[in-house]
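Fold and geometry: a report
Listed here are the chains, written in short residue letters.
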Amino acid sequence: MGYAFKLQKVLTMKENEKHQAAGEYNEAVRRFEEVAEKLYHFLKQKEQYEEIHKQKLQSGLSIQEIRHFQQFISNLERTIHHYQLLVMQAREQMHRKQMKLTELNIEVKKYEKMKEKYIQAAFDAERTAENKWMDEISIQRFVHRGD
């Protein structure tokens, strides 16, 4: 027998919120990974250019080339700093989305537990009523047999 849980609409709404929050969290993770990858790329690029510059210094460089390199590294460091900030922001946003998702998971579980208890109580009440009815039938049969 189907039991109508009084808070089914609330449970459905919370489940929808949870699915939306999961999507937002996944998007935040994707964004974090994307920004972190770019930061890694720029850090790797800086490391490679510094190594190349170090090798060229061994063989000798003109002042123009040294200035060009310093300017390039300075711009690269600004870009790296910018991406470090973006990574921190993306990490913070990912953390907030994860906290929201965790809270919604807990809420959904609470409503699901309430639903389980409600269904169990309804089932128990039905079984009790059925047992009373069976007792009543047994009594009626006993009374009629006794005549």
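Reading the values: rules and limits
- Residues numbered from 1 in each chain as written.
- Predicted model: local features only at pLDDT ≥ 70, side-chain atom pairs only at ≥ 80, totals over all residues.
- Heavy atoms only, no water.
- UniProt positions renumbered as here; feature names shortened; annotations may be inferred.
- Patch = residues over 30% accessible without salt bridge, like charges linked within 9 Å, V, L, I, M, F, W, Y side chains within 5 Å.
- Areas by Shrake-Rupley, 256 points an atom, 1.4 Å probe, with all protein chains shown as cover.
- Salt bridge = Lys/Arg side-chain N within 4 Å of Asp/Glu carboxyl O.
- Helix = DSSP H or I, 4+ residues; strand = E, 2+ residues; numbered from the N terminus.
- Buried < 20%, exposed > 50% of the residue type's maximum accessible area, 1.4 Å probe, protein only.
- 1 Å grid on protein atoms, 1.4 Å probe; cavity = no way out; pocket = protein on both sides within 12 Å on 5 of 7 lines; lining within 4 Å.
- Points joined across faces, edges and corners; volume = space filled by probe spheres on them.
- Nonpolar A, V, L, I, M, F, W, Y, C, P; charged D, E, K, R; others polar.
- Contact = heavy atoms within 4.5 Å.

An unreviewed UniProt entry annotates the chain as Flagellar FliJ protein of Parageobacillus toebii NBRC 107807. A UniProt comment under Sequence similarities (unreviewed entry) is attached to the chain, and it reads "Belongs to the FliJ family." Turning to the chain, the UniProt record has this under Subcellular location (unreviewed entry): "Cell membrane".

Taken together, the side chains of Trp 133, Met 134 and Ile 137 make up a nonpolar region of the molecular surface, amounting to roughly 320 Å² of accessible area. Tracing the chain through its elements places Ile 137 in helix α2 (residues 63-146). For Ile 137, a relative accessible area of 31% gives the class partly exposed.

Of the voids in this model, the largest pocket is the one considered here, and its volume is about 170 Å³. As for the largest pocket, its lining consists of Tyr 49, Ile 52, His 53, Lys 56, Leu 61, Glu 65, His 68, Phe 69 and Phe 72. At the level of elements, α1 (8-59) and α2 are the ones that each hand at least two residues to the lining of the largest pocket. For the lining of the largest pocket, the residue count by class is five nonpolar, two polar and two charged.

In this fold, His 53 is placed in helix α1. By relative accessible area, His 53 is classed as buried at 12%. Setting aside anything within four residues of it in sequence, one finds His 53 in contact with Leu 61, Ile 66 and Phe 69.

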